[in-house]
Amino acid sequence: MSEEPVIVVTRRWPEAVQDALRERHPGARLNEADRPLGPDGLRAALREADAVLPTVSDRLPAALFEGGVRARFLGNFGAGYDHVDVEAARRSGVVVTNTPGVLTESTADIAMTLILMVARRAGEGERELRAGRWAGWGPTHLLGSEVGGRTLGVIGMGRIGRAVARRAHFGFGMPVVFHNRSDVGDVPGATRLGSVEEVLEAADFVSLHVPGGGEPLIDAARLARMRPTAFLINTARGNVVDQDALVDALRSGAIAGAGLDVYADEPCVPETLRELDNAVLLPHLGSATLETRTAMGMLVLDNLDAFLRGEEPPNRVA
Ligand code: 8YV
């Protein structure tokens, strides 16, 4: 690309990344106000810019690519990209990249946070105390479940699944069972089972680490395979779980609780879920550390610059 490319960043990024982008591409359009562009703004960005750098908060369905776009590069700030119709992007000649690897540890930490919070009723306790409802220590006050020694079931043994398994097994002495569609070789401290159902039946905590998109992997029938004392942890994507079926399972006591960081239609979280005390609900914090978000942004820039130099970007997904 001989002339200075038009680059649109859809959200505000950590300062160090914005500084690096300004240095490399002084004309880049940043979004200091951090107001999501929305469908019209994204449609316009795809038509005005050579490179658009979106996040999970930007939906890019096929309709936005219809009629042709100017953009040749979509550098997603995030590992998951089910908010982008990558087939439509490919058909329009747009290269898509993501940011895997750099958010593994922070996302695994949030999965462990949810495991501990939901088992030990930490959210309930905090709400009680802050509301001035705590009447003092009691032998039967807010009794939770032990975590150490309980079985963790991991569905999707990629980078993040492994990082959670490592924490759980070596940090908390938890036996780990897992399911992965393809063979992933040996995972220290973990046993591979033949199906999702076997993991659901065996685990005290089920942690999901699969990509989003398509039909929910965990539907009513699969929730029914879990133990009534078990907890479901989701740091992957909201659409991996049938959210209404989950509400039913939490209400009826079919499962003991859930720890969620992601939702089907973010940032909407239905009242039916918010009113449940046995659900711990975080606002998509998986990768939310300054270190990780900075590393994610730098990886977006590396992919962008490789593309602009005419090289294959390191994290191309389409
Ligand atoms: C990111 C995530 O913060 O990377 C992912 O897939 O879910 C998050 O941790 C988000 O995607 C930013 O776009």
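Everything below is about the structure printed above this text.
Bear in mind that the values here come from a model prediction, so they are computed numbers and not experimental data.

Participant: Break down the site of the ligand for me, citing the residues and quoting the values.
Facilitator: Close to the ligand lie T55, V56, F77, G78, A79, G80, L103, R237, H284, S287, R293 and M296, which account for all nearby residues. With respect to the ligand, the backbone of F77 contributes an N or O atom lying 2.4 Å from an oxygen atom. In the model, an oxygen atom of the ligand is placed 2.6 Å from a nitrogen or oxygen of the G80 main chain.

Participant: How would you summarise the sheet that holds strand β9 (residues 231-234) if you had to cite specific residues and measurements?
Facilitator: Sheet architecture is open: seven strands sit in the order β7-β6-β5-β8-β9-β10-β11, paired in parallel fashion. Sheet topology places β7 (190-192) and β11 (279-281) at the edges, where each strand pairs with a single neighbour. Each neighbouring strand pair of the sheet contributes to a mean axis angle of 20 degrees, computed without reference to strand direction. Alignment of strand β10 (residues 257-260) against β11, held across three bridges, turns out to be parallel. Among the inter-strand pairings, L260 is bridged to a residue of β11, identified as L281. Against the sheet, helix α4 (residues 104-119) makes contact with β5 (152-155), β8 (205-208), β9, β10 and β11, and its axis sits at roughly 150 degrees relative to β9, the strand it touches most.

Participant: Let's hear about the packing of aromatic side chains: which residues, and what values?
Facilitator: In this structure the tally under the stated criterion is three aromatic pairs. Considering the side-chain rings of F205 and F231, the 5.2 Å spacing of their centres and the 15 degrees angle between planes classify their relative orientation as stacked. Of this pair, F205 sits in strand β8 while F231 is found in strand β9, placing the two residues 26 residues apart along the sequence. Judged by its relative accessible area of 1%, F205 is buried.

Participant: Can you tell me about helix α11 (residues 290-308), naming the residues and giving the values?
Facilitator: Between its first and last C-alpha, α11 extends 27 Å over 19 residues, near the 27 Å set by a 1.5 Å rise per residue. Where α11 ends, the next residue or the one after it, G310, has phi of about 85 degrees, a positive value.

Participant: So what's going on with the nonpolar core? Residues and values would help.
Facilitator: Formed by 29 residues in total, the largest nonpolar core has its most connected members in I218, L223, L232, L246 and L273. Secondary-structure elements contributing two or more residues to this core are α7 (196-202), β8, α9 (243-252) and β10. Here this core gets five residues from one element, more than from any other, and that element is α9. Among all residues touching I218, those that are not within four sequence positions of it are I155, V196, L200, L208, L223, L232, V240, V241 and D242.

About the thresholds
Starting afresh in each chain, residues are numbered from 1 along the sequence in its written order. A pLDDT threshold of at least 70 governs which residues receive local features in this predicted model, and a stricter bar of 80 or more applies before side-chain atom pairs are shown or counted, although totals over entire chains, interfaces and linings include all residues. In computing side-chain properties, one takes all heavy atoms of the structure into account and sets aside hydrogens as well as water. What makes a residue near a molecule or strand is one non-hydrogen atom of that residue sitting within 4 Å of it. What qualifies as a polar contact is a pair of N or O atoms within 3.5 Å, subject to a donor-acceptor requirement within protein and to the restriction that residues adjacent in sequence count only when both atoms come from side chains. What makes two strands pair is DSSP finding at least two bridges between them. Think of it this way: any DSSP run of H or I at least four residues long counts as a helix, any run of E at least two long counts as a strand, and we number them from the N terminus. With axes taken as lines fitted to C-alpha atoms, and helix axes fitted only over the stretch in contact, angles between N-to-C directions fall between 0 and 180 degrees. Whether two residues are in contact is decided by their heavy atoms: any pair within 4.5 Å suffices. Here a pair means two rings of Phe, Tyr or Trp (six-membered ring of Trp) with centres within 6.5 Å. Their orientation is stacked below 30 degrees between planes, edge-to-face above 60, and tilted elsewhere. Think of it in three bands: with a 1.4 Å probe and only protein chains considered, a residue is buried below 20% of the maximum accessible area for its type, exposed above 50%, and partly exposed in between. In a helix, the anticipated span is given by 1.5 Å times the number of residues less one. Working definition of a nonpolar core: buried Ala, Val, Leu, Ile, Met, Phe, Trp, Tyr and Cys residues. They are joined through side-chain atoms within 4.5 Å.

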